[in-house]
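Notes for the structure review
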Amino acid sequence: FHRRWAKRKYCGENWGGPCSTEEYVDDDHVSISQSFSEGSKYLHAECLRQANISSSFGKLNVYFDGVKLSPDGAEIYVDVSFGTLEVYLPKDWRVIDQVHTSAGAVNNNMRSNVMAGDAPVLTFKGRVSFGSLEIRYV
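These numbers come from a predicted model, not from an experiment. (Residues numbered from 1 in each chain as written. Predicted model: local features only at pLDDT ≥ 70, side-chain atom pairs only at ≥ 80, totals over all residues. Heavy atoms only, no water.)

Our next topic: the nonpolar core. Residues F64, L85, L89, F124 and L133 are the most contacted members of the largest nonpolar core, which totals 28 residues. No other element matches the 5 residues that strand β5 (residues 59–69) contributes to this core. The residues contacting L85, other than those within four sequence positions of it, are I53, L60, V62, V78, V80, S132, L133 and E134. (Core = buried A, V, L, I, M, F, W, Y, C linked by side-chain atoms within 4.5 Å. Buried < 20%, exposed > 50% of the residue type's maximum accessible area, 1.4 Å probe, protein only. Helix = DSSP H or I, 4+ residues; strand = E, 2+ residues; numbered from the N terminus. Contact = heavy atoms within 4.5 Å.)

Below is the structure:
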């Protein structure tokens, strides 16, 4: 008996299939989900309140330099597994890290300067499993 090989469709340019990417953008809510690929997203919003970002088995860069936060602040829910999520934020935002890690890491390159009392507040929530969340400032 000869072994039968099943045809499989893998993600990526050289593997013959499109990657799974979903994106929903509203003025105050953003949702991005990406798996088995590498990509970048540039967000634009006038009053962001919430973002849901999911990345698995790949690398995702998300740029928030075109975003203004809600006066009440905003929350980002992250779900990273077996990959890397790099988030680029404006320098004057205050960041609160409430992300849970399981065999993963959250790296926040905090600056030593003191933020103004009225600086926009961005809270990170969610989980990182077998991957990393990199918070960078531009």
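Phi at F57 takes a positive value of approximately 55°, unusual for a residue other than glycine. By the secondary structure assignment, F57 is in the loop between β4 (50–56) and β5. The phi dihedral of F82 is positive, around 55°, even though this residue is not glycine. Tracing the backbone shows F82 in the loop between β6 (74–81) and β7 (84–89).

This paragraph deals with the sheet that holds β7. Judged by pairing direction, the sheet is parallel, and its 5 strands sit side by side in the order β3-β5-β7-β11-β9 without closing on themselves. Of all strands in the sheet, those bounded by a partner on one side alone are β3 (38–48) and β9 (105–108). Averaged over all pairs of adjacent strands, the angle between strand axes in this sheet comes to 15°, irrespective of strand direction. (Pairing = 2+ DSSP bridges. Axes fitted to C-alpha atoms, helices over the stretch in contact; angles between N-to-C directions.)

Okay, the side chain of S70 next. With respect to the element layout, S70 can be found in the loop between β5 and β6. Once residues within four sequence positions are removed from consideration, S70 is found in contact with C47, L48 and R49.

Let's shift gears to the packing of aromatic side chains. The final tally for this structure, using the stated rule, is 6 aromatic pairs. Judged by centre distance (5.0 Å) and plane angle (5°), the rings of F57 and F82 are stacked. Residue F57 is found in the loop between β4 and β5, and its partner F82 is found in the loop between β6 and β7; the two are separated by 25 residues along the sequence. Here Y63 and Y88 contribute two aromatic rings whose centre-to-centre distance is 4.5 Å and whose plane-to-plane angle is 10°, an arrangement assigned as stacked. Here Y63 is found in strand β5, whereas its partner Y88 is found in strand β7, with 25 residues between them in sequence. By relative accessible area, which is 18% here, Y63 ends up buried. Taken together, the ring pairs in this structure connect F36, F57, F82 and F130 into an aromatic cluster. (Phe/Tyr/Trp six-rings, centres within 6.5 Å; stacked < 30°, edge-to-face > 60°.)

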